[in-house]
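# Fold and geometry: a report
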Amino acid sequence: TNSNGGVLWSRKYGSSTVSEECLSAKETSDGGYIMCGTTGVYGAIIKTTSSGAIQWSARPVSSVPRINKVIQTNDGGFAYGGYANFGGGYSAHFGKLNSAGATLWSYETASIPANNQSSISTILETFDKGYLAAGYVYDSTGTGTDNWLALFKTDSNGARQWTKKYKSGRAYDAVQTPDSGFVVVGDLGGSLMGISKFNKNGDSVWKYITVYGGTVPTPKSIKLASDGGFIVLVYGSSSNNGHLTKF
């Protein structure tokens, strides 16, 4: 659209015979757009011109049915995150493409039991030119199973520097703070939403928990505010309402 919300152009991508979904879209440095999502069978990334014409499309790994997030990196490439079919369930998966959509590297968590899931919800480029991927992983304890909030830190070449897991919860979005730490927003089950601060090594610094009464919160986005606080956009699945909250 233009600045007044008028439609300049619209495009449809993919096939009308399958259920497809766009999950993330960003403007790129050349004035075009990068988007990602799922065809229902495999995850896809599409790069377009400023008028929406396809320049290239990529299916990074054949086993990946869904890509939740894609960003352009400072070198002109793209980083993405989602999940892959693995061991009868889904494993968390993220990777890096070059500017033409060719895969440079990818990382995937270990096999998990059937009918369980791990996933990357978001990925960001860090101040040291590495990457932070955030989401959740399936874990099995002595008393049962759980989803654990998970953070994966790599260098610029995808070599893993550290992984952190925190019991109960799913990370949905993250930002890096001026002190090189990270603030992550996610759900904690039921009507609980959590905002957590971690240092640059992924160690927990503080956690704030809030209750969205009567609704199951799905945090969609967190941004740094100009005063050093945080703005969080939350979807309440029980009430079908959006919540914009300043912390």
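These notes cover the structure that comes with them. Predicted model only: the values in this text are computed from it and were never measured.

### Notes on the pairing of strand β15 (residues 192-198)
In terms of burial, β15 is largely enclosed, as six of its seven residues are buried. Strand direction decides the pairing type here: strand β14 (residues 182-187) and β15, joined by six bridges, are antiparallel. Looking at β15, one finds that F182 is bridged to F198. In sequence, β15 turns back onto strand β16 (residues 204-211) through a hairpin of five residues, with G202 there showing a positive phi of about 85°.

### Some remarks on the sheet that holds β15
Reading across from one edge, β13-β14-β15-β16 is the order of the four strands in this open sheet, with antiparallel pairing throughout. Every interior strand has two partners, whereas the edge strands, β13 (170-176) and β16, have only one. Pairwise comparison of adjacent strand axes, ignoring direction, gives a mean angle of 20° for this sheet.

### What to know about a nonpolar patch on the surface
A surface patch of nonpolar side chains, about 240 Å² in accessible area, is lined by L192, I209 and V211. Position of V211 among the secondary structure elements: in strand β16.

### Observations regarding the state of the cysteines
By the definition in use, this model includes zero disulfides. There is no disulfide at C22, and the cysteine sulfur nearest it, in C36, is 6.6 Å away. The exposed category is assigned to C22, whose relative accessible area is 51%. The exposure class assigned to C36 is buried, which follows from its relative accessible area of 3%.

### Focus on the packing of aromatic side chains
This structure, assessed with the given rule, holds 11 aromatic pairs. Each ring, one from Y166 and one from F198, has its centre 5.1 Å from the other, and the planes form 40°; the classification is tilted. With Y166 in strand β12 (residues 160-167) and F198 in strand β15, this residue pair connects regions lying 32 residues apart in the sequence. We classify F198 as buried; its relative accessible area is 2%. Pairing Y208 with F247 gives two aromatic rings, centres 5.5 Å apart and planes at 65°, and the pair type is edge-to-face. Placement of Y208 in strand β16 and of F247 in the segment after β19 (241-246) is noted, with a sequence separation of 39 residues between them. Joined through ring pairs, the aromatic side chains of F94, W105, Y107, Y131 and F152 make up one cluster. Just above the ring of Y42 sits the side chain of R59; from NZ or CZ to the centre is 4.2 Å.

### Some remarks on the pattern of salt bridges
Should the charged atoms of two oppositely charged side chains come close, the side chains can pair. Across all of its chains, the model carries eight salt bridges by this definition. Ionic pairing is found between K69 and D173, a salt bridge with its closest N-O pair at 4.0 Å. Here the residue K69 occupies a position in strand β5 (residues 66-72), and D173 occupies one in strand β13, the gap between them amounting to 104 residues. Considered together, K69 and D173 belong to a single accessibility category, that of buried residues.

### Quick notes on the environment of S15
Among the secondary structure elements, S15 is positioned in the segment before β1 (21-27). Between the alpha carbons of S15 and T39 there is a distance of 8.4 Å; along the sequence they are 24 residues apart.

Cut-offs used in this document
Residues numbered from 1 in each chain as written. Predicted model: local features only at pLDDT ≥ 70, side-chain atom pairs only at ≥ 80, totals over all residues. Heavy atoms only, no water. Buried < 20%, exposed > 50% of the residue type's maximum accessible area, 1.4 Å probe, protein only. Helix = DSSP H or I, 4+ residues; strand = E, 2+ residues; numbered from the N terminus. Pairing = 2+ DSSP bridges. Axes fitted to C-alpha atoms, helices over the stretch in contact; angles between N-to-C directions. Patch = residues over 30% accessible without salt bridge, like charges linked within 9 Å, V, L, I, M, F, W, Y side chains within 5 Å. Areas by Shrake-Rupley, 256 points an atom, 1.4 Å probe, with all protein chains shown as cover. Salt bridge = Lys/Arg side-chain N within 4 Å of Asp/Glu carboxyl O. Disulfide = S-S within 2.5 Å. Phe/Tyr/Trp six-rings, centres within 6.5 Å; stacked < 30°, edge-to-face > 60°. Lys NZ or Arg CZ within 6 Å of the ring centre and 35° of its normal.

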